[in-house]
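Coordinates in review
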Amino acid sequence: MGFCRGEIDMVSVELQNIVKKYRNVTAVDNVSFKVDHGEFFVLLGPSGCGKTTTLRIIAGLETPDSGRVLFDGRDVTNVPAKNRNIGMVFQSYAVWPHMKVYDNIALPLQIKKLSREEIEKRVKAAAQMVNIAHLLDRYPFQLSGGEKQRVAVARALAFEPNILLMDEPLSNLDALLRVQARAELVKLQKELKITTIYVTHDQTEAMVLADRVAVMNKGRIMQIGTPDEIYNRPVNRFVAHFIGTPPINFFAGTVEEGYINAGFLVIPFKNIPPGLVGKKVTIGIRPNDISISPIEQSIPVKGKLVVAENLGSEFILHVAIGDVVLRVLSKNKPAKEEVTLYVDKTKLHIFSEEETRINI
Ligand code: ATP
C-alpha cells in the first residue's frame, strides 16, 4: 500500500461489548460503538473514566476480558498491536529534541528495519502530507508548537496506518498554543480524512474536533452523538453537566398537572404525561439561555446580583433567587443589584430522579 496525499485506506472501527477489569476496578464496562471510515471520533470524560484503556484496547496494547474489536468487520481482538496498522500520537507530541525532524520521523522505521530507500520515501511522503517537507533539516527547538505537533503526526503517518489514535496530544501545551494546535489538527484531519479516535478530558477540544463524541463516565458510555446533539440534548444529568462552560445550572422541581413547580419558577407545559405528575425532577438551564433583557418565550424571575465575574468580553453573573444561585452569561453587567432574569423556556432540560432526560 504505497501512499501519497489522499491515498490512505480508511478503515471502520467497531467495539462490541468490551469489558476490561483490573482487580476490583472495571476500567471499561460493556463499551460498544462504531467509528466510520474517515470519521473523527472523540472519547471524552473525566480522569479515570476508561478512555485510555479503551484506546489501548483498540491499539492492541491491552486485551479485553470480553467483547470484540472489529476493523472493517474483521475480528482483530487477538491480533497483536504490531499487525494492526495503527498510528499513535501521545501526550506532548513526544518529539526527540536532539534529533532533526527527519530523524524524528525516521527512527521508528529504522527500528522496524526498513530499507534506507523505503524509509526516505515514507518520511518524505508523510512530511508532505502534513506540510512540513521544508522543515526536515530543523531541530525541534526551531519549530513552533503547531509544527512540532505535525512532526508527531507525520511520525505516526509514516507507518502508513489505516487508523490514527491520539491520547491527549495537546495536554502539555500552554493555553494559547493549544488553541492554535487544535485548529491545525482540525484542518489536518479534514485534509487526510484518516479514521481518527481521539482521547481527551477537555470538552472544548472534543466539541471543536469531533464529528461525533462518546461521553464516558465510570467505564461506561453515557452518550454518543454530534457535538450539537450532546450539547442540546444531553441524555442524562452527567452529560448535561460535563458539557458546556460555565456549567449548566440545576435546580429541583416537582411535576404538577400542567406545569413544573420549582418554587421561584413555575414552568407551564402543555403535554405532561399523567404518569409524571407528583414526581420530583431536576431542571437544567445553561447560563447562556438566561438573559437580563426580555427574550421570546421566556419566563421572568426577580433576583439579586451577588457576583459579576468579568471574562473580558462578557460576564458570568451569579444571581441569587432565594436559596438558588443561577449563573448567567451576559454581554453586560446590570447597573443595579436587583435584576430580572429571563429564562428561555424552550431551552430547559428536565431530568428524572434517576437523572435521565425527560422529553416533555
Ligand atoms: P485519564 O484521563 O486520567 O488518563 P482515563 O479516562 O484515560 O483517565 P484509564 O487510564 O483508562 O482512564 O483508567 C480507567 C481506570 O482503570 C482507572 O480507575 C485506573 O486507575 C484503572 N487502571 C488503568 N490502567 C490500569 C492498570 N494497568 N492497572 C490497574 N488499574 C488500572
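Residues numbered from 1 in each chain as written. Predicted model: local features only at pLDDT ≥ 70, side-chain atom pairs only at ≥ 80, totals over all residues. Heavy atoms only, no water.

Taking 1.5 Å of rise per residue, 18 residues should cover 26 Å, and helix α5 (residues 175-192) covers 26 Å from first to last C-alpha, within 8% of that figure. The set of residues buried in α5 consists of Arg178, Ala181, Arg182, Leu185, Leu188, Gln189 and Leu192. On an axial view of α5, the arc spanned by its buried residues comes to 130 degrees, and they lie on one face. Among the exposed residues of α5, those oriented more than 90 degrees off its buried face are Leu176 and Lys187. Check the buried side of α5 and you find it contacts β3 (40-44), α3 (116-129), α4 (145-157), β7 (163-167), β8 (195-200) and α6 (203-209). (Helix = DSSP H or I, 4+ residues; strand = E, 2+ residues; numbered from the N terminus. Expected span 1.5 Å × (residues − 1). Buried < 20%, exposed > 50% of the residue type's maximum accessible area, 1.4 Å probe, protein only. Arc of directions from axis to C-beta. Contact = heavy atoms within 4.5 Å.)

Here we come to the domain arrangement of the protein. As far as domains go, the protein holds domain 1 (13-242) and domain 2 (249-358). Counting residues at the interface gives ten residues for domain 1 and nine residues for domain 2. Carbon and sulfur atoms make up 50% of the surface buried where domain 1 meets domain 2, a total of about 950 Å² over both sides. Area buried by domain 1 at its contact with domain 2 is led by Tyr231, Arg237 and Ala240, which between them contribute 57% of it. On the surface where domain 1 and domain 2 come into contact, there are zero salt bridges. Here domain 1 is connected to domain 2 by seven residue pairs in polar contact (both at pLDDT 80 or more). For the side of domain 1 that touches domain 2, the elements supplying multiple residues, two or more each, are α7 (227-232) and α8 (237-242). In the side of domain 1 that touches domain 2, the residues fall into five nonpolar, three polar and two charged. (Domains from an automatic or database assignment. Buried area = accessible area lost by both parts, 1.4 Å probe. Salt bridge = Lys/Arg side-chain N within 4 Å of Asp/Glu carboxyl O. Polar contact = N/O pair within 3.5 Å; in protein donor to acceptor, adjacent residues only side chain to side chain. Nonpolar A, V, L, I, M, F, W, Y, C, P; charged D, E, K, R; others polar.)

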